[in-house]
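Inside the fold
Given next are the chains, with one letter for each unit.
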Protein chains: 2
Amino acid sequence: MREAELLQSIIERSRSTLKPPPGAPLDRVRVGPGDDLAVLAEVSGSLLLGVDQVVDGLHVNAKTTPWNVIGSKAVRRSVSDIAAMAGMPIASVISLVLPQDATKVQFDALHDGLVESAQACDVPLVGGDIAVHLSPGPLTISVTVLARAPEGGAVLRSGGRVGDRVWVSGELGRTLDPDGGGAHLFFEPRVSVARALHGQLGEDLHAMIDLSDGLGRDGARLAKASGCTARLRAIDLPCARAASWQEALCDGEDYELLAAVSPEVDLPASVDGVQLTCIGVLEHPHQAGGCLLERPDGTVHCADEDGWDHRGDV
Amino acid sequence: MREAELLQSIIERSRSTLKPPPGAPLDRVRVGPGDDLAVLAEVSGSLLLGVDQVVDGLHVNAKTTPWNVIGSKAVRRSVSDIAAMAGMPIASVISLVLPQDATKVQFDALHDGLVESAQACDVPLVGGDIAVHLSPGPLTISVTVLARAPEGGAVLRSGGRVGDRVWVSGELGRTLDPDGGGAHLFFEPRVSVARALHGQLGEDLHAMIDLSDGLGRDGARLAKASGCTARLRAIDLPCARAASWQEALCDGEDYELLAAVSPEVDLPASVDGVQLTCIGVLEHPHQAGGCLLERPDGTVHCADEDGWDHRGDV
């Protein structure tokens, strides 16, 4: 079973089960599975809730990466989803399964990484659960984050409109830059950039997603959720030093923001010290794909599957 | 490393890190790690947030238990923590790590169990994350629940006072009853019983915990958190049919409620169709332990470690 299939199956089935059953309206669920976080209607606004995991062998290598860095990455990955919705962090809870041979020193480092990054990201760690594998099994970290939606509601993936400009924060491809190693471990979730963007743009900020699987894949997700196709220009991608545009397109773990913004407004060159770059537009949905990339030679490439592990295809 | 040690280490360290750092008050965290759920101050009351996991080999046997039952158990375990605080369920998010050889049929059954029980327990599944082990590893399910605290605030473990009567809901030892097999898989989280108790007793409901690790252990937790010692009477334990009082004391997974209630008030014989039994009192803290049990012969036994896996000691 491929994870993408499983996720799709869950999203479809959850959508149907989230329909209010007779006599038990679930109108508290404004957005269920399928966006960066769920959106829950509450008396005083909306809450955002979501979970992400880091599993040794899949997302990190626990043999070669210090465990405090693993803990930090696990928290930051989940916080990046708060940024994607322009949310205000509230708190986090974490569950761990430790391998049998984990040492106290490793555990202490992991715990330091979790607690310190939770504090730095303003999602204090308020609860958790720990187990130790009975048989061989990998370090598994599951981080749930709770946040408050901004006034006017969370910025969803699905709000993009035909004609919107597509903007990206920061630089892309830092992980693949031979000198910039570790960007996938040491990134800064773009919470304050997202908050500033939302503050400046208000309702002109139509849709947003964080880039965790690659510009191609995540761009296609935003565009398809919005009923559009994104057309991006390779020559405009803000490539990290030494990264080619192909690498910028496929780096799975930039954790930058990708936003669809009304064409009526112009963004400043940077927000909160982070550069902003217009890299394309949203068009009417196109059979050729959800995210089309114009190569420097003018030919067009469907980038829907371009991301981590799929670099060879471009 | 023992899990209990790890948890204690986390609780202690988190308490210190939850102290508001200079310039960044975290007064949104009313109760951090160490109770059934965390309590977060929000504009319109308090939110409750917590996570629990089910790992194959530790909490269930995925070879002999149908996967829909495993999913259901995973959700109900977490919802039981909402009951322990008299909370009102809002929603849940779930992360999964599947073994490599999991089949689509197993996954579908698991997903059905998760979604259906989440719906039945009024914590609609609003998000999740799925991974598949790259190397041998167990099925791992992490369920986070979000709830709203009742008016007047959540019922904590720590609110018990000397002189309080100790009450328990339902029957104890059902899992160990040879005819009642599966009680640890098919239990009903006591959310409505807890809500009814809180509604009737108000501030006279001083402290509460759900019995997930055994009456001895969980009783000691409530008593110690309240700065007391619980003194329970073996002859008063509401034993399930065929369960001895030793089994009632040690069944790790009753998922009944244990409450400390003002001695001024009398509880009805049942609430919401579930019987209530007074089984002891809270006393001044005692060197002999947090939970003392008077055996039928009048001798006293320290039950602090009595629970799942520790039955032989009584």
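About the thresholds
- Residues numbered from 1 in each chain as written.
- Chains lettered and ligands numbered in written order.
- Predicted model: local features only at pLDDT ≥ 70, side-chain atom pairs only at ≥ 80, totals over all residues.
- Heavy atoms only, no water.
- Contact = heavy atoms within 4.5 Å.
- Buried area = accessible area lost by both parts, 1.4 Å probe.
- Salt bridge = Lys/Arg side-chain N within 4 Å of Asp/Glu carboxyl O.
- Polar contact = N/O pair within 3.5 Å; in protein donor to acceptor, adjacent residues only side chain to side chain.
- Helix = DSSP H or I, 4+ residues; strand = E, 2+ residues; numbered from the N terminus.
- Buried < 20%, exposed > 50% of the residue type's maximum accessible area, 1.4 Å probe, protein only.
- Least-squares fit on C-alpha atoms with pLDDT ≥ 70 in both.
- Pairing = 2+ DSSP bridges.

Moving on, we come to the interface of chain B and chain A. Accessible area lost when the parts come together is the quantity often used to give the size of an interface. Facing 69 residues of chain B, the contacting portion of chain A comprises 69 residues. Between chain B and chain A, roughly 5,700 Å² of surface is buried when both sides are summed, and carbon and sulfur atoms account for 64% of that area. Applying the counting criterion to the chain B and chain A interface returns four salt bridges. Where A:Arg28 meets B:Asp122, a salt bridge forms, and the shortest distance between an N and an O atom there is 2.9 Å. Taken together, the links from chain B to chain A amount to 14 residue pairs in polar contact (both at pLDDT 80 or more). Where the side of chain B that touches chain A is concerned, the elements lending two or more residues are α1 (3-18), β2 (38-42), β3 (45-55), β4 (88-98), α3 (104-120), β5 (125-132) and β6 (140-148) of chain B.

Let us look at the pattern of salt bridges. Throughout the structure, instances matching the rule amount to 34 salt bridges over all chains. Two residues, A:Arg157 and A:Asp36, come together in a salt bridge whose shortest N-O distance is 3.1 Å. Taken together, the positions of A:Arg157 in the loop between β6 (140-148) and β7 (165-169) and A:Asp36 in the loop between β1 (29-31) and β2 (38-42) put the pair 121 residues apart, joining distant regions of the chain. When sorted by exposure, A:Arg157 lands in the same class as A:Asp36, which is buried. Close ionic contact of B:Arg221 with B:Asp213 constitutes a salt bridge, the shortest N to O distance being 2.8 Å. Classification of B:Arg221 by relative accessible area gives partly exposed; the value is 33%. Residues joined in a network through salt bridges with shared partners are A:Asp35, A:Asp36 and A:Arg157.

To go from the first copy of the chain to the second, apply a rotation about an axis and then a shift along the same axis. With an RMSD of 0.0 Å, chain B superimposes on chain A once it is rotated by 180° and translated 0.0 Å along the axis. When the rotation and shift are considered jointly, the pair of chain copies conforms to a two-fold rotation axis. Looking at the rotation axis and the C-alpha trace of chain B, the residue lying nearest is B:Gly137, at 2.2 Å. Mapped onto chain A, 100% of the interface residues of chain B again fall at the interface, so both copies present the same surface.

This part is about the pairing of strand β12 (residues 274-283) of chain A. Put simply, side chains in a regular strand alternate between the two faces of the sheet. Residues and elements named next belong to chain A. Both β7 and β12 contribute to a ladder of five bridges, which runs antiparallel. From the neighbouring strand, Ser-169 faces β12, where its bridge partner is Leu-276. As paired elements, strand β11 (residues 270-271) and β12 share two bridges and run antiparallel to each other. By the bridge assignment for β12, Val-271 is matched with Val-274. Where β11 folds back onto β12 in an antiparallel hairpin, the turn is made up of two residues, including Asp-272, whose phi is positive at roughly 55°.

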